[in-house]
Amino acid sequence: MPVVVVESPAKAKTINKYLGNDYTVLASFGHVRDLPAKDGSVDPDDGFAMTWEVAADSRKHLRAIAEALKSDPDLILATDPDREGEAISWHLTEALEKARALKKDTPVRRVAFNAITRSAVTEAMKAPRAVDMELVRAYLARRALDYLVGFNLSPVLWRKLPGSRSAGRVQSVALRLICEREREIEMFKPEEYWQVMADLKASDGSSFEARLVELNGEKLKKFSLANKADADAALEAVRRNGFTVDAVEAKPVKRNPPPPFITSTLQQDASRRLGFSAKRTMQAAQKLYEDGKITYMRTDGVQMAEEAYQGSREVIRSTYGGKYLPEKARRYSSKAKNAQEAHEAIRPTDFRLHPDEFRGDADLGKLYGLIWRRAVASQMEAARFERTTVDITSADKNAGLRATGSVLMFDGFLTLYQEGRDEPGDDEDNNRLPKLTQSDTPELLEAKSSQHFTEPPPRFSEASLVKRLEELSIGRPSTYASILSVLQEREYVRLDKKRFIPEDKGRLVTGFLESFFHRYVEYDFTADLEEKLDLVSDGQLKWKDFLQNFWKDFQAAIGSISDLRVSEVLDALNEVLGPYVFRPAEGAEEGANPRACPNCGDGL
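So, a few notes on the structure that sits alongside this text. Predicted model, so just to flag it, every value in this text is computed and none were measured. (Residues numbered from 1 in each chain as written. Predicted model: local features only at pLDDT ≥ 70, side-chain atom pairs only at ≥ 80, totals over all residues. Heavy atoms only, no water.)

### Concerning the overall build of the protein
Here is the rule: Only DSSP runs of H or I with at least four residues qualify as helices, and only runs of E with at least two residues qualify as strands; both kinds are numbered from the N terminus onward. Residue exposure (1.4 Å probe, protein chains only): buried if accessible area is under 20% of the type maximum, exposed if over 50%, otherwise partly exposed. For this analysis, residues touch if any pair of their heavy atoms sits within 4.5 Å. Surface exposure here means Shrake-Rupley accessible area, sampled with a 1.4 Å probe, where a residue is shielded only by the protein chains that are shown. Only four residue types enter the charge count: Lys and Arg as positive, Asp and Glu as negative, with His and the chain ends excluded. Lys charges are placed at NZ, Arg charges at CZ, Asp charges at CG and Glu charges at CD.
On a plain count of helices and strands, the protein comes out with 17 helices and 17 strands. For the protein, the spread of C-alpha atoms along the three principal axes comes to 95 × 75 × 40 Å. Scored against the burial criterion, the 604 residues of the protein give a buried share of 49%. Intrachain contacts of the protein at a sequence separation of at least 6 include 76% that bridge at least 24 residues. Put simply, the protein shows about 30100 Å² of open surface, and 46% of that area lies on carbon and sulfur atoms. Taking the average location of the 89 positive side-chain charges in the protein and that of its 96 negative ones, the two points are 4 Å from each other.

Next comes the structure, spelled out in structure tokens:
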């Protein structure tokens, strides 16, 4: 019986059920080898030779696979369909050859499927291929890169900032984002502004609200009414007048549904709507995938298989009716630069399984429901609104009001799914206006002013940080969960009310890296590394050339600061962090030295 190897026992059990007794299906339990956590595991002086070690827990799993191959030396590698899965297949082949469980003539086949269903598995078994070495080389390059940064930067941090160590190549950039946002918040100075609103009554007796947008012939900007005196003068101009509708503009507006989930958008929406961390989301998605309920959950692709278009459209037709079903399937294009890793979107394997009929773990049910609704909604008709703007002018022409609102004409996909939001805000699609026509004279019921202050940008949530990392092309969606976990485990950041706050240690590390390794925490530089790794996986860049170019400059940067005295490091941190550590005391005179002792006025 051919030996089929997958990563997990749950996956092995499901696949064994589909393949039957003609195959022996075993689990590798993830990676069987890793780089030893010690200096020298990657040797730049020997062509970036990498020393791999079989983990103690993996030895028994490797022995079980080797034992099975004795009775049938036919190996089928069925690991996940991504760069990591390709690497596991390569590691298994290498380790088994080293253990002499594989001979030169032993057939080794690689199969990959995007969903663990009977049809997907059996079809994949008909189309075996070799291990994709371009993807493996991209894995090797990334693994060596992260190792070289971590094991060369951490000793420097230990010596210069006792108690600190590298957060990791990509984690350091994510940490910088969090720290920079905190600086913006701390240095933010609120500005006062006022708004004037009017409650009006239409001829049919219904009331609505309008905002003052023009005063004495000038259009009002955000800070035009800078204080109460300005607001009172504006109020008086509104109160002493009658009003006439000057113009009514109604425009039809369509809102199209979002595409099915990819890894990053799933993490974002699960955070907003379910309160799941990125790690919790990926754990639940992994189980749903292994149970055959959804397609593979590490993907940049938004396209679906033909069977999915047909399945989702049939659900829409039977559940919601023909008016919710577009004439043709909606097909979305992927922004993924690396076509080899742009798999199908995350979707149910069988759309007939409605979320209400899902039986199992609560987390799995909630996440499945989110995935099902998003995928079905992606194939529904657009929502249609009538968006109306009403301009109203005072009798003396000195005050202009504007009312805006929308009427939902057809809910379309909104009947099933609405995207979550990072920040709460006014939704003008929910504002309703009465029927108004030009020359109408609405009655002024009340005019009122309100004081406002500009607000600092909000701290990052998991959803908004993942979104920002994706926008900057930093890291891969499949790594976001581990990035956020590492920052918390090393106590560089903490979550408070679901928002990231940098700890002092995190700010020190970021300040140090910005001062002495600025290039390596630059957003563009990190994004450029990701692009080059994609070129490696596409076969357009040799992985060792990529590493050599990086290592030459990085080694020089390490050497340039190895002789730095601690006092020089403290001076640099004082320069970077001083404005945030020594902030002016509340009520202090302008120009006062914030470093001065509040008691003696000295102590500098």
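Text resumes after the structure shown.
### Re the side chain of Asp-80
Note the cut-off: By the criterion applied in these results, polar contacts are pairs of N or O atoms within 3.5 Å in which, for protein atoms, one can donate a hydrogen and the other can accept it, and in which residues neighboring in sequence qualify only through two side-chain atoms.
Tracing the sequence through the fold places Asp-80 in the loop between strand S7 (75–77) and helix H3 (83–98). Among the polar contacts listed, one links the side chain of Asp-80 to the side chain of Tyr-296, at a separation of 3.2 Å.

### Here's the deal with the environment of Thr-441
Position of Thr-441 among the secondary structure elements: in the loop between strand S14 (399–410) and strand S15 (443–453). Linking Thr-441 and Ser-203, residues 238 residues apart in sequence, is a C-alpha distance of 7.7 Å. Those residues in contact with Thr-441 that sit more than four places away from it in its chain are Phe-243 and Thr-244.

### Here we look at the pairing of strand S16 (residues 493–496)
Applicable threshold: Only when DSSP finds a minimum of two bridges between them are two strands counted as paired.
Relative to strand S17 (residues 499–502), S16 runs antiparallel, the two being bridged by four bridges. Among the inter-strand pairings, Arg-494 is bridged to a residue of S17, identified as Ile-501. Connecting S16 to the next strand, S17, in antiparallel fashion are two residues, including Lys-497 with a positive phi near 55°.

### Remarks on the side chain of Arg-33
For clarity, the threshold we go by: In what follows, salt bridge is the name for a side-chain nitrogen of Lys or Arg lying within 4 Å of a carboxyl oxygen of Asp or Glu.
Structurally, the position occupied by Arg-33 is in strand S3 (residues 33–34). Buried and unpaired, Arg-33 has no salt bridge, with Glu-94 as the nearest side chain of opposite charge at 4.1 Å. Separated by 3.1 Å, the side chains of Arg-33 and His-91 make a polar contact.

### Brief notes about the nonpolar core
As a reminder of what qualifies: Here, nonpolar core refers to any group of buried Ala, Val, Leu, Ile, Met, Phe, Trp, Tyr and Cys residues whose side-chain atoms link them within 4.5 Å.
One finds Leu-96, Phe-113, Ile-294, Phe-512, Phe-517 and Phe-554 to be the most contacted residues of the largest nonpolar core, which totals 140 residues. With 13 residues, the single largest contributor to this core is helix H5 (residues 133–160). Ignoring any residue separated from it by four or fewer positions in sequence, one finds Phe-512 in contact with Val-156, Leu-157, Lys-160, Leu-161, Phe-517, Ile-561, Val-569 and Leu-573. One finds Leu-200, Ala-202, Leu-212 and Ala-237 within the second-largest nonpolar core, a separate group that totals 25 residues.

### Details of the packing of helix H6 (residues 169–187) against helix H15 (residues 523–537)
Selection rule: To obtain each axis, a line is fitted to C-alpha atoms, and for helices this fit is confined to the stretch in contact; angles are then taken between N-to-C directions over 0 to 180 degrees. Throughout this description, any angle smaller than 35 degrees is read as roughly parallel, any larger than 145 degrees as roughly antiparallel, any in the 65 to 115 degree range as roughly perpendicular, and the remainder as oblique. By the definition used in this description, the sense in which the near helix is turned from the far one sets the handedness, with an anticlockwise turn below a right angle giving left-handed and a clockwise turn giving right-handed. Ten residue types, Ala, Val, Leu, Ile, Met, Phe, Trp, Tyr, Cys and Pro, are classed as nonpolar, four, Asp, Glu, Lys and Arg, as charged, and the remainder, Gly among them, as polar.
Where H6 meets H15, the axes come as close as 10 Å, and the angle between the chain directions of the two elements is 150°. It follows that H6 is roughly antiparallel to H15 by the angle criterion. When you trace H6 past H15, the crossing you get is left-handed. Each of Arg-169, Val-170, Val-173, Arg-176, Leu-177 and Glu-180 in H6 lies in contact with H15, whose residues at this interface are Tyr-523, Thr-526, Leu-529, Glu-530 and Leu-533. In the contact of H6 with H15, the residues fall into six nonpolar, one polar and four charged.

### Some points on helix H16 (residues 543–561)
Given 3.6 residues per turn, any residue in an α-helix points the same way as the ones three and four places further on. Spelled out, the test is: One fewer than the residue count of a helix, multiplied by 1.5 Å, yields its expected span.
The terminal C-alpha atoms of H16 lie 28 Å apart, and with 19 residues this matches the ideal 27 Å at 1.5 Å per residue to within 8%. All of the buried residues along H16 are Trp-543, Phe-546, Leu-547, Phe-550, Trp-551, Phe-554, Ala-557, Ile-558 and Ile-561.

### Structural notes on the environment of Thr-244
As for its position among the elements, Thr-244 is in strand S12 (residues 243–255). In sequence terms Thr-244 and Thr-441 are 197 residues apart; their C-alpha atoms lie 4.5 Å from each other. Excluding residues within four positions of it along the chain, Thr-244 makes contact with Asp-391, Ile-392, Thr-393, Ser-439, Asp-440 and Thr-441.

### Some details on the sheet that holds strand S8 (residues 108–110)
Strand pairing in a sheet takes place through backbone hydrogen bonds and is either antiparallel or parallel in direction. What the four strands build is an open sheet, ordered S2-S1-S7-S8; its pairing is parallel. What marks the edges here is a single partner per strand, and that holds for strand S2 (24–27) and S8. Here the strands of the sheet are splayed against their neighbours by 25° on average, with no regard to which way each runs. Sheet analysis places strand S1 (residues 3–6) next to S2, joined by four bridges and oriented parallel. Among the inter-strand pairings, Val-5 is bridged to a residue of S2, identified as Leu-26. With respect to the sheet, helix H1 (residues 9–19) is in contact with S1 and S2, its orientation differing from that of S2 by roughly 170°.

### Points about the environment of Thr-24
Note that Thr-24 resides in strand S2. Residues Thr-24 and Val-238, 214 residues apart in the sequence, show an inter-C-alpha distance of 82 Å.

### Overview of the pattern of salt bridges
A full pass over the atoms with the stated rule returns 40 salt bridges. For Asp-534, the salt bridge identified is with Arg-476, shortest N-O distance 3.3 Å. Remark: Arg-476 occurs in the loop between helix H12 (462–471) and helix H13 (480–489) and Asp-534 occurs in helix H15; sequence separation between them is 58 residues. According to the relative accessible area criterion, Arg-476 is buried, its value standing at 11%. Through salt bridges with shared partners, a single network forms among Arg-142, Asp-146, Arg-169 and Glu-530.

### With respect to the packing of helix H9 (residues 278–290) against H13
At a minimum axis separation of 8 Å, H9 and H13 run at an interaxial angle of 140°. Of the possible angle classes, the one that applies to H9 and H13 is oblique. Here H9 runs over H13; the crossing is left-handed. Facing Ala-278, Lys-279 and Met-282 of H9, the residues of H13 in contact are Ala-481, Leu-484 and Ser-485.

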